[in-house]
Amino acid sequence: MSDSVIHALAGSIGGCISMAMTYPLVNLSTRAAVQTKREHVSTKEALVKIIKEEGVSGIYSGLGSSLFGIAVTNGIYYAFYEEMRSMMIRRRTKTPTSTSALSMKEGIVAGLIAGSITTLATNPIWTVQTAQATQASTVAVSQGETKRGKSSAVQVIKEIINREGPKGLWRGIGPALVLVLNPVIQYTTFERLVSLLLGYRIVSRGITPTGTKSLGRSSLSDWDLFMLGAVSKLIATSSTYPYIVVKSRLQAATHKYKSSIQAVLHILKTESVSGLYAGLSLKLLQSVLTAAFMFVAQRRIYEFVKKLVLLSSQRKLVALNV
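Bear in mind the structure is a predicted one, so any value in this text is a computation, not a measurement.

*Asks:* Can you walk me through the overall build of the protein chain in this structure?
*Replies:* For the protein chain, the count of helices and strands is 10 helices and two strands. Secondary structure elements in the protein chain, listed N-terminal to C-terminal, are α-α-α-α-β-β-α-α-α-α-α-α. When each of the 322 residues of the protein chain is scored for burial, the buried share is 47%. Summarising the internal contacts of the protein chain: among those between residues at least 6 apart in sequence, 77% fall at separations of at least 24. Accessible area for the protein chain stands at about 16,800 Å²; split by element, carbon and sulfur atoms hold 65% of it.

Structure representation (structure tokens):
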């Protein structure tokens, strides 16, 4: 099993863990992003309303498609990103002071390639998830009893295709591709912070050039990864949030926008600039926590799977020599 595949597997599992841990915030932030200024309610009011109208399960509406989406998204992204990262590092001229962190230029290139491929492949999943998370509860009457429920992922897919054709699953692909900048900013910032932190520790500890080889990414603690992941995601989300709002509204189909440009102009006209930042504080909290937990989980899972692969290889080698 190649290193890139292990990273992809770890990214998928780590993403699912972090998504499951923070999903109520994901749900609330998605709903906040699609609300107009007139519809805006506080987080507490939104939470109370969801529980009252949909029950506790309403907070987790769309969780299944989200877990599937994050598993596929992270798997594809990490596979391509780590492959690009490994290739770039292998091509470097090895020097005693080199680290395993990418330069800013390298991080941007790797992120753009991995992000674009991932977005094109997974946009339908997030269109379905957004529709599930924001749709109003449907009311069905059966034998005189009123029941509340929400459409399944399959039902949502059928509804979208019946209404808009297959292209409807790629609704919001424009701002989604622009949002490739989000992980690019996130991972470029993360790599830069890693490089700065390792460089600082090399200098502060007085490590000789020969010794710097042992001070790589593996020397970072879980707390280091948590904080670096949180800071990098904070910067990325803050920088690209207006596009997140536009993408969410297009994918939710709660607003009759014909294009991303029309959406931006309409929001500015009816809600002012603040409309492009609807639900920002909640989204920052959610995305920062999700990213921080994901970086830690991904690293731990990667190390665990790596050990299993190594152990399996050793056993096969022993078996061949018997």
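*Asks:* Just checking my understanding: could you explain the environment of Q129 for this structure?
*Replies:* Looking at where Q129 falls in the secondary structure, it is placed in helix α4 (residues 104-134). Residue class for Q129 comes out buried when judged on its relative accessible area of 4%. Separated by 122 residues in the primary sequence, Q129 and Q251 place their C-alpha atoms 8.8 Å from one another. Residue contacts for Q129: discarding those within four places in its chain leaves Y23, G62, S65 and S66.

*Asks:* Would you take a moment to explain the pattern of salt bridges for this structure?
*Replies:* Two side chains of opposite charge can pair, provided their charged atoms sit close to one another. All chains considered together, the criterion is met by 12 salt bridges. Among the salt bridges present, the one from E164 reaches R163, with a minimum N-O distance of 3.4 Å. Look at E164 and you get partly exposed, because its relative accessible area is 28%. For R163, a relative accessible area of 53% corresponds to the exposed category. Its salt-bridge partner being E164, residue R171 comes within 2.3 Å of it at the nearest N-O pair.

*Asks:* Looking at this model, I keep getting lost on the packing of helix α3 (residues 63-91) against helix α7 (residues 181-204). Mind explaining?
*Replies:* Across the interface, α3 lies against α7 with an axial gap of 14 Å and an inter-helix angle of 45 degrees. Between α3 and α7, the angle falls in the class oblique. By crossing handedness, the relation of α3 to α7 is classed as right-handed. When α3 is examined against α7, the residues Y77, Y78, Y81 and R85 are found in contact with a partner set consisting of P183, V184, Y187 and E191. When its residues are assigned to classes, the contact of α3 with α7 shows six nonpolar, no polar and two charged.

*Asks:* Would you take a moment to explain the packing of aromatic side chains for this structure?
*Replies:* Any two aromatic rings considered together are summarised by their centre-to-centre distance and by the angle between their planes. Per the stated rule, a full pass over the model turns up 11 aromatic pairs. When the centroid spacing of 4.3 Å and the interplanar angle of 20 degrees are considered together, the rings of F190 and F295 count as stacked. With F190 in helix α7 and F295 in helix α10 (residues 280-321), this pair connects stretches of sequence that are 105 residues apart. Residue F190 shares its accessibility class with F295, and that shared class is buried. In this structure an aromatic cluster arises from ring pairing among Y77, Y78, Y81, Y187, F190 and F295.

*Asks:* So what exactly am I meant to see when it comes to unusual backbone geometry here?
*Replies:* Keep in mind that most residues, glycine aside, have a negative phi and that most peptide bonds are trans. Residue S272 is not a glycine yet carries a positive backbone phi of 65 degrees. Its place among the elements puts S272 in the loop between α9 (260-271) and α10.

*Asks:* Is there a simple way to explain the side chain of E82 in this structure?
*Replies:* Along the polypeptide, E82 turns up in helix α3. Excluding residues that lie within four positions of it along the chain, E82 makes contacts with S4 and H7.

*Asks:* How should the confidence of the model for the protein chain be read in this particular structure?
*Replies:* When pLDDT is averaged along the protein chain, the result is 81; 86% of the residues meet or exceed 70. Ranking the elements of the protein chain by mean pLDDT puts strand β1 (residues 138-142) last with 38 and helix α8 (residues 222-252) first with 89. Contacts of residues 137-148 to residues separated by more than four positions or lying in other chains number 16 contacts, the stretch itself having pLDDT below 50.

The rules behind the values
- Residues numbered from 1 in each chain as written.
- Predicted model: local features only at pLDDT ≥ 70, side-chain atom pairs only at ≥ 80, totals over all residues.
- Heavy atoms only, no water.
- Helix = DSSP H or I, 4+ residues; strand = E, 2+ residues; numbered from the N terminus.
- Buried < 20%, exposed > 50% of the residue type's maximum accessible area, 1.4 Å probe, protein only.
- Contact = heavy atoms within 4.5 Å.
- Areas by Shrake-Rupley, 256 points an atom, 1.4 Å probe, with all protein chains shown as cover.
- Salt bridge = Lys/Arg side-chain N within 4 Å of Asp/Glu carboxyl O.
- Axes fitted to C-alpha atoms, helices over the stretch in contact; angles between N-to-C directions.
- Parallel < 35°, antiparallel > 145°, perpendicular 65-115°, else oblique.
- Left-handed = near helix turned anticlockwise from the far one by under 90°.
- Nonpolar A, V, L, I, M, F, W, Y, C, P; charged D, E, K, R; others polar.
- Phe/Tyr/Trp six-rings, centres within 6.5 Å; stacked < 30°, edge-to-face > 60°.
- pLDDT = per-residue confidence, 0-100.

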